[in-house]
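What the coordinates show
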Amino acid sequence: MSENTTARRDGAPAEGAAQGRPRRPWAPRTPILPERAFRFSPRTLGIAVGLFAIGYLVLAFQMPAYTAVEVPVQPSTLPRWLGVALLVLAVLLFFQRKPEETVAESGGEAADEPREGGEPRLGRLDDPRLEIGLFVGALIAYIAVFELLGFILSTALYLGSMTWYLGYRRHLVNAVVALTLPFAFYAGMTWGLDVTLPSGPLPF
Amino acid sequence: MGMLDQLMYGFGIALTPENLLYVFIGVLAGTIIGMLPGLGPMSAIALMIPIAYGMDPTSAIIMLAGVYYGAIFGGSTSSILLNAPGVAGTVATSFDGYPMALKGQAGKALAIAAICSFVGGTISVVGLMAIAPSLASFAVSFGPVEYFALMVLGLTAVVSLGGRNLVKGLVSAVVGVMIALVGIDSQTAIVRFTFDLPELYEGVEFLIVALGVFALAEVLVMLNQRGKGGVRKGVTSLRLSRREIAQITPPALRSSVLGFFTGVLPGAGATVASFLSYSMEKKIARDGDTFGEGNPKGVAAPEAANNAAAVGSFVPLMTLGVPGSGTTAILLGALMVLGVQPGPMMLSQNPDMFWGVVASMYIGSVVLLILNLPLIPLFAKVLNTPRTMLVPLVVVFCVVGVYGLSFSVFDLGLLAAFGAIGFLMRRNDFPAAPLILGLILGGLMETNMRRALQISDGAWSVFLTEPISAGLLAVAVLSLLPALVRVLRRRRTPVEPAGSAATADTGDEPEGTRDESEDGSATAPVSGSGSGADGRVPPRD
């Protein structure tokens, strides 16, 4: 399904894309369907939830008891019950039937429907996992420079570069939006609603 | 004061220029955000909360309620024009709305949607007025024991209807309660699960989680989807013939009533209501076999029902203080942020808020109608917003909203983390609505549990010996049964061959729709099947 629905970045429809399309950088050897990326089996999920529950229980049992006044419910009572409940759920999850058998088929069928004038997938990498990772990375970078550069500069940088990276082709429009929108936001929030956003090196 | 006097009083509040403006802003913003495929009412409300911060609580809830039904309406526009419902509650609309658009009747379909939304919304506001005061006066006698049981019921109801997988829904709910317990315990001042980070002492702010697991996660899901073209020829004439009006009136009226009561039930929201009414009309109609091919009744029924259900879900929220759906959970969170605690006392202590909201709903329905009929062609242009621009913009919205909360970059980090968690949840079919509900109810649940046990001297049996509490808990257990039966049945029956899934007889949809949590998992079918913006619900039992 990935082959014949993978549209090119320029929005050309899918057919023929399979043979002629040059490999994108970082293309994984076996293509990963975007729909499949980050999907895990019930076993993996069960183990992950179970480990979380165990960690939570350890913390819950280390919690000090409140002894100043006698209380029927300690601060750790509910957390302990919750931890146990989650552990039981993790076990149930672990033994669930793998949903892939059904999902794969019905998912394939839905995705194979003809798509008139479909947009291409966003982004530039063939591996959807890397794409998501890159997007989250960009978000973290944005957050990291948020106070340092101030709202206007960091947002303009983020908006402009992400919109460009995701494949928006009208660069002038992009630049105008990336520059005016953060300013409008800043003005509205800081002067209109009294929610002061960081100004960074800018004088206002 | 009689009900009419009180309603007049409410209109007095809702008709102030300021509140009229907020209704307008709410409905407009809701319509636009709801139209964008992927962003549902939950994201719409979460994105608007930062704007509501500085506002008077009454105005704020008037605006946020407008966002809610505006978003449900906006979802229908993208359902009809793109076959890409922005909201799970309007998936059923696309079954006949999109074929109508393909036949060149997009305008008619949109007009039917607008009129029937208006009918549904208006009828159920009457229901809200009729039921809410008596329910509230009954609930005034509730003590902590009953409240605890009620909250358990609210949680299990959302879990049972909220996901295709009971265990995953319960995991979400439990984790939600766990997040609610982070911070300094208000009764004993003992610090819980803060990892010695002072930023966590006051707990995790609900808005961070809401924006993360809804808006940000939806953006991440959008990254991997391909858009779908649909009808971009524009909107054709909106005029309906007299015959068509006569044709859609009975289904609209029936679906409004059905939708309202579905909305009142905890857990069942706009999505379930729309599918129920769609299949009911299909069964009743003489031309039932043309449903799915562009039958106007197939647009009228779900549209009336989903708006009616949206209003109906305000009944448990405003009278009991327990949200019955993911979206009203977000609204409750927003109210608590604004310092208002809805519940049985709200009607007597804050009548201006209750009646102001009720009156604003009448006004909102009218605004929605006025706004949408002539402006639909203009609004439809919103659908052309390229996702390449939309995705980073939503991120910026989220960041501004969270930063404005406490001016802390730590919170922005939390936002990113919850975005990633929400994305992983969606990819693996964990419904997000129970998580939010658990987060909001968790603290209240614990407080009520402690009070109840304080009174009973630590005897846990009090929850079972008090009749109302025992009844509510029994209903809570019962509410999980259908989901349990479904799980067991699925194990026994062989899986249906895949090809029939999307084209499956929609008359049987309610079965399938139980899988959809109200609005919250608007993109659940998307993530699950990878069917992209297509958004059709593959019934997957």
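What counts and how
Residues numbered from 1 in each chain as written. Chains lettered and ligands numbered in written order. Predicted model: local features only at pLDDT ≥ 70, side-chain atom pairs only at ≥ 80, totals over all residues. Heavy atoms only, no water. Helix = DSSP H or I, 4+ residues; strand = E, 2+ residues; numbered from the N terminus. Buried < 20%, exposed > 50% of the residue type's maximum accessible area, 1.4 Å probe, protein only. Contact = heavy atoms within 4.5 Å. Areas by Shrake-Rupley, 256 points an atom, 1.4 Å probe, with all protein chains shown as cover. Core = buried A, V, L, I, M, F, W, Y, C linked by side-chain atoms within 4.5 Å. Domains from an automatic or database assignment. Patch = residues over 30% accessible without salt bridge, like charges linked within 9 Å, V, L, I, M, F, W, Y side chains within 5 Å. Salt bridge = Lys/Arg side-chain N within 4 Å of Asp/Glu carboxyl O. UniProt positions renumbered as here; feature names shortened; annotations may be inferred. Phe/Tyr/Trp six-rings, centres within 6.5 Å; stacked < 30°, edge-to-face > 60°. Lys NZ or Arg CZ within 6 Å of the ring centre and 35° of its normal. Axes fitted to C-alpha atoms, helices over the stretch in contact; angles between N-to-C directions. Parallel < 35°, antiparallel > 145°, perpendicular 65-115°, else oblique. Left-handed = near helix turned anticlockwise from the far one by under 90°. Nonpolar A, V, L, I, M, F, W, Y, C, P; charged D, E, K, R; others polar. 1 Å grid on protein atoms, 1.4 Å probe; cavity = no way out; pocket = protein on both sides within 12 Å on 5 of 7 lines; lining within 4 Å. Points joined across faces, edges and corners; volume = space filled by probe spheres on them. pLDDT = per-residue confidence, 0-100. Polar contact = N/O pair within 3.5 Å; in protein donor to acceptor, adjacent residues only side chain to side chain. Expected span 1.5 Å × (residues − 1).

Within chain A, the regular secondary structure consists of seven helices and zero strands. Start at the N end of chain A and walk to the C end: the helices and strands fall as α-α-α-α-α-α-α. Looking at chain A as a whole, 44% of its 204 residues qualify as buried. The long-range fraction of contacts in chain A, counting pairs at least 24 apart against all pairs at least 6 apart in sequence, stands at 64%. Total accessible area on chain A is roughly 10900 Å²; 67% of this is exposed by carbon and sulfur atoms.

Further remarks concern the overall build of chain B. A count of helices and strands for chain B gives 24 helices and two strands. For chain B, contacts bridging at least 24 residues in sequence account for 81% of all contacts bridging at least 6. When the accessible surface of chain B is summed, it comes to about 16800 Å², and 66% of that surface belongs to carbon and sulfur atoms.

Take the nonpolar core next. Of all hydrophobic cores here, the largest spans 220 residues; its most connected members are Phe135(A) and Phe151(A). When residues in this core are grouped by element, the largest group, 16 residues, is from helix H9 (residues 206-223) of chain B. Both of domain 1 (40-107) and domain 2 (123-203) of chain A provide at least three residues apiece to this core. Val91(B), Phe275(B), Tyr278(B) and Phe291(B) belong to the second largest nonpolar core, which has seven residues in total.

A few words now on a nonpolar patch on the surface. Nonpolar side chains collect at one region of the surface, where Ile47(A), Leu51(A), Ile54(A) and Val58(A) lie side by side and expose about 370 Å² of accessible area between them. Take Leu51(A): it is sitting in helix H3 (residues 42-62).

UniProt tags residues 45-66, 78-95, 132-160 and 172-193 of chain A as "transmembrane region" (unreviewed entry). The span residues 172-193 of chain A carries 95% helix and 0% strand; its end-to-end C-alpha distance comes to 30 Å.

Taken as a whole and assessed by the stated rule, the structure comprises 23 aromatic pairs over all chains. Summarising the aromatic geometry, the rings of Phe38(A) and Phe423(B) are spaced 5.5 Å apart at their centres and angled 75° between planes, so their arrangement reads as edge-to-face. On the criterion of chain membership, the pair formed by Phe38(A) in the loop between helix H2 (17-20) and H3 and Phe423(B) in helix H18 (residues 409-427) is interchain, its members lying in two chains. Seen from their ring centres, Trp460(B) and Phe463(B) are 6.5 Å apart, and the 50° between their planes marks the pair as tilted. Looking at Phe463(B), the relative accessible area reads 5%, which means it is buried. Counting every residue linked through ring pairs, the aromatic cluster contains Tyr142(A), Phe146(A), Phe151(A), Tyr158(A), Phe185(A), Phe397(B), Tyr403(B) and Phe407(B). Here the guanidinium or amino end of Lys168(B) rests over the ring plane of Phe430(B), the centre of that ring lying 5.4 Å away.

With that out of the way, let us pick up the packing of helix H3 (residues 41-52) of chain B against helix H4 (residues 57-82) of chain B. Residues and elements named next belong to chain B. Two elements in contact, H3 and H4, have axes whose closest approach is 9 Å; the angle formed by their N-to-C orientations is 155°. Viewed along their axes, H3 and H4 adopt a mutual orientation that is roughly antiparallel. For the crossing formed where H3 meets H4, the hand is right-handed. Residue-level contacts link Pro41, Ala44, Ile45, Met48, Ile49, Ile51 and Ala52 of H3 to Ala60, Met63, Leu64, Val67, Tyr68, Ala71 and Ile72 of H4. Residue composition of the contact of H3 with H4, grouped by class: 14 nonpolar, no polar and no charged.

Before going further, it helps to spend a moment on the layout of surface pockets. One simple way to see leftover space: roll a probe sized like a water molecule over the atoms. Its volume calculated, the largest pocket comes out at about 1000 Å³. At the level of secondary structure, the elements contributing two or more residues to the lining of the largest pocket comprise helix H4 (77-94) of chain A together with helix H7 (144-162), helix H8 (166-180), helix H19 (433-455), helix H20 (462-465) and helix H21 (467-492) of chain B. In the lining of the largest pocket, the residues fall into 29 nonpolar, two polar and one charged.

Attention now goes to the domain arrangement of chain A. Domain annotation of chain A identifies domain 1 (40-107) and domain 2 (123-203). For domain 1 of chain A versus domain 2 of chain A, the separation of C-alpha centres amounts to 37 Å.

Residue and element names in this part refer to chain A. For chain A, the average pLDDT comes to 77, and 73% of its residues sit at 70 or higher. The lowest-confidence element of chain A is helix H5 (residues 100-111), averaging 39 in pLDDT; the highest-confidence one is H3, averaging 95. Note on residues 100-118: pLDDT is under 50 here. Beyond four places in sequence and across chains, it has 46 contacts.

All names here are of chain B. Helix H17 (residues 387-406) packs onto H9 with a crossing angle of 170° between their chain directions and a minimal axis gap of 10 Å. On the basis of their axis angle, the class for H9 and H17 is roughly antiparallel. The residues of H17 that touch H9, namely those facing Leu207, Ile208, Leu211, Ala215, Leu216, Val219 and Met222, are Arg387, Leu390, Val391, Val394, Val395, Cys398, Gly401, Val402 and Leu405. Here the contact of H9 with H17 is built from residues that sort into 14 nonpolar, one polar and one charged.

Our focus in this paragraph is the side chain of Ser360(B). All names here are of chain B. Mapped onto the fold, Ser360 is located in helix H16 (residues 351-379). There is a polar contact of 2.8 Å between the side chain of Ser360 and the backbone oxygen of Val357. Apart from residues no more than four positions distant in its own chain, Ser360 is found in contact with Ala14, Val23, Ile62 and Tyr69.

Let us now look at the confidence of the model for chain B. Of all residues in chain B, 87% attain a pLDDT of 70 or more, and the chain-wide mean is 81. Here the complex is predicted with pTM 0.80, and the ipTM for its interfaces comes to 0.80.

Our focus in this paragraph is the environment of Leu64(B). Structurally, Leu64(B) can be placed in helix H4. When near neighbours in sequence (up to four residues on either side) are disregarded, Leu64(B) contacts Ile45(B), Met48(B), Ile49(B), Ala52(B), Leu331(B) and Ala334(B).

Turning next to the environment of Val462(B). Residue and element names in this part refer to chain B. Tracing the backbone through its elements, the reader meets Val462 in helix H20. Judged by its relative accessible area of 12%, Val462 is buried. It is 41 Å that separates the C-alpha atoms of Val462 and Arg427, two residues lying 35 residues apart in sequence. Excluding residues within four positions of it along the chain, Val462 makes contact with Val145, Ala452 and Ser456.

Further remarks concern H4(B). All names here are of chain B. For H4, which comprises 26 residues, the first-to-last C-alpha distance of 36 Å matches the rise-based estimate of 38 Å (1.5 Å per residue) to within 8%. Where burial is concerned, most of H4 is hidden: 25 out of the 26 residues are buried. Of the residues flanking the end of H4, it is Asn83, one or two places downstream, whose phi is positive at about 60°.

Although it is not a glycine, Phe38(A) sits at a positive phi angle of roughly 65°. Classification of Phe38(A) as partly exposed rests on a relative accessible area of 23%. A positive phi is found at Asp196(B), a non-glycine position, where the angle reads about 60°. Looking at where Asp196(B) falls in the secondary structure, it is placed in the loop between strand S2 (191-192) and H9.

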